[in-house]
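Structure assessment
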Amino acid sequence: MTTEVSPPLPLPNELTAPFWEGASKGQLVIQHCNSCGHFQHAPEPICSACLSFDLGSAPVSGKGTVYTFCIPTQAFHPWFEDKLPFVLAVVELDDQPGLKMITNIVNVNPDDVKVGDRVEVTFQPLGEGFMLPVFHPAAQ
Amino acid sequence: MAKKNRVAIVGVGYSDVSRGTGYTLDKLTAQSSVAAMDDAGIKPTDIDGVVVHSFPHQFVSSTHTAAMLGIPDLAFYSGNVDGAAYSVAAMHAIAAIASGSAETVLTLRTVHKDGAAGGGRPSGNQGIPGNQQFSMPYGSFTGSHWAGLYMQRHMAMYGSTEEDFGAFAIAQRKFAVANPTESFFHEELTMDDYLNSRYIAKPLHLFDCDYPVDSSSALIFTTEERARDMKQKPVFFDSWANGTTKEADFSLVGDMTHSSPWMASKRMWSRTDLKPSDVDTAGLYDGFSFIAMQWLEALGFCGEGESGSFVRSGATSATGSLPTNTDGGACNVGRRHGANFFIEVTRQLRGTAGDRALPKKPEVGVVSNAVGGFAACALLTAE
Ligand SMILES: [Zn+2]
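**Describing unusual backbone geometry**
Residue and element names in this part refer to chain A. Cis geometry marks the peptide bond from H41 to A42; its omega dihedral reads 0°. With respect to the helices and strands, the residue A42 is situated in the loop between β2 (39-40) and β3 (55-59). Cis geometry is adopted by the peptide bond preceding P85, which originates at L84 and carries an omega value of -15°. Looking at the element boundaries, P85 is found in the loop between β4 (63-72) and β5 (87-93).

Here you go:
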């Protein structure tokens, strides 16, 4: 008999909610400056490019490149015990140079992933209605 | 750059160190403070500044430390939970002394084995606040995760291999074997041992990681004038610098193979007449072995991307051009969170390393702490 293990769930706030709301609708949504058009992730209360406080959010293309990755083989949270090994990655999004996010690469043999791989966003249920934006190899 | 008041290291000390001392953070802090005062030959009343660096959840304040030690009045104190490990305390103390804010400053780093870098991890349904909600749901919880990311990026950019990182672990283990009173490991490491050690986050192996212990480390800094009258031969700070990246999140820094050590190194070299070829020994942070290797490149001891071949050449060994982590590093003497590099280079430069004294007595050493979002380094000289 096993006990139910809960995933590490986000606690959305004013800044982070658009990311999670977008994901629940199948969109990758990133904080976007209404003054200068700069994307930033993770979100902050001020735009680091122009110091505007007038920040919104916008969908991005969902396409990107694997900047780096590693393959965790030890779980530091019970949720991941039965998910090892998996691919923890940093993906650079096409929408702005240097715009990166921490994510997972899924639907792939972990040992086949390479830095520079082209990837596209997809969404996986996390729990309690949250959808997690993750990436899989881009269609050829 | 005009020299301010020269700042000297005049005392170093450790607490008892083990996997489980059973001692409180307070007791460990008091132990290392007393050891450093004994080493310097001074009394608490000679100290007018205390600076601590800590993980937030393991904080022992500078004022509480002073009270435990019976220091009557502090001209300068500072308690830090942000930034590049022990070096943050060192940088504050140097600034305090160089500016005349204090004369003799006790600097401290105390750490308990459990829950060190990562702190508490969420369980159950409490929800992840703040920006960790963009990392933890992906399984990114500890330093070992970003360490794996940094290593993979280096391998992809430069063709470095796991064997390159292993070469570093093997080289510093040799020093550890020669330091049996401080090291927790007493047998040399082979490449097979390294490669067969389990992955934590491939390509990161277990033997790339520092060894968690309870420890407190203390160093005492003072002015050149006072240092001349003290028990130990002083070791001087020639140049020192912090550096940070534009991005605070270690996993999202702009260029993982040129992170904060590059900023700190460039700044440090811009403030001295010394050059990399003048440096005789190094103490480079090895919370993960790749960190020390990024420092070898950032400090200019080898070419960009060439730290693996530099280490494989034997350059960081006792008889090489840059003996590095001559106490065995934190992978072997346990996590002192940056302080051991300052302590060991000081011991080598002032000639108190005992059996471990390098074959060629060093005159100039470099020390460094941290990587990623924040880092610091300093040049130390025997005169
Ligand atoms: Zn803006």
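This is not the end of the story, as more comes after the structure.
**Structural notes on the domain arrangement of chain B**
All names here are of chain B. Segmenting chain B into domains produces domain 1 (1-115 + 212-232) and domain 2 (140-210 + 238-383). A C-alpha centroid distance of 23 Å is found between domain 1 and domain 2. Across the boundary between the two partners, domain 1 contributes 34 residues, which contact 32 residues of domain 2. Both sides together, the interface formed by domain 1 and domain 2 hides about 2,600 Å², and carbon and sulfur atoms give 66% of it. At the surface where domain 1 touches domain 2, the tally comes to three salt bridges. Among the ionic pairs, D39 bridges to R350, the shortest N-O distance being 3.0 Å. Where domain 1 packs against domain 2, one counts eight residue pairs in polar contact (both at pLDDT 80 or more). Elements supplying a minimum of two residues to the side of domain 1 that touches domain 2: β1 (7-14), α3 (86-98), β4 (104-111) and β7 (215-223). Take the side of domain 1 that touches domain 2: its biggest share by element is six residues, from β1. When grouped by side-chain class, the residues that make up the side of domain 1 that touches domain 2 number 18 nonpolar, nine polar and seven charged.

**Brief notes about the coordination of the zinc ion**
Residues and elements named next belong to chain A. Here the zinc ion is held by C33 (SG), C36 (SG), C47 (SG) and C50 (SG), and the distances to it run 2.3 Å. Around the zinc ion, the four donor atoms are arranged such that angles at the metal cover 104 to 113°; this shape is classified as tetrahedral. Donor residues for the zinc ion, ordered by position in the chain, follow C-x2-C-x10-C-x2-C. You can call C47 buried: its relative accessible area is 0%.

Cut-offs applied
Residues numbered from 1 in each chain as written. Chains lettered and ligands numbered in written order. Predicted model: local features only at pLDDT ≥ 70, side-chain atom pairs only at ≥ 80, totals over all residues. Heavy atoms only, no water. Helix = DSSP H or I, 4+ residues; strand = E, 2+ residues; numbered from the N terminus. Domains from an automatic or database assignment. Contact = heavy atoms within 4.5 Å. Buried area = accessible area lost by both parts, 1.4 Å probe. Salt bridge = Lys/Arg side-chain N within 4 Å of Asp/Glu carboxyl O. Polar contact = N/O pair within 3.5 Å; in protein donor to acceptor, adjacent residues only side chain to side chain. Nonpolar A, V, L, I, M, F, W, Y, C, P; charged D, E, K, R; others polar. Donors = N, O, S within 2.8 Å, 3.2 Å for Na, K, Ca; no water. Tetrahedral: all angles 85-135°; square planar, octahedral: opposite > 155°, others 65-115°. Buried < 20%, exposed > 50% of the residue type's maximum accessible area, 1.4 Å probe, protein only.

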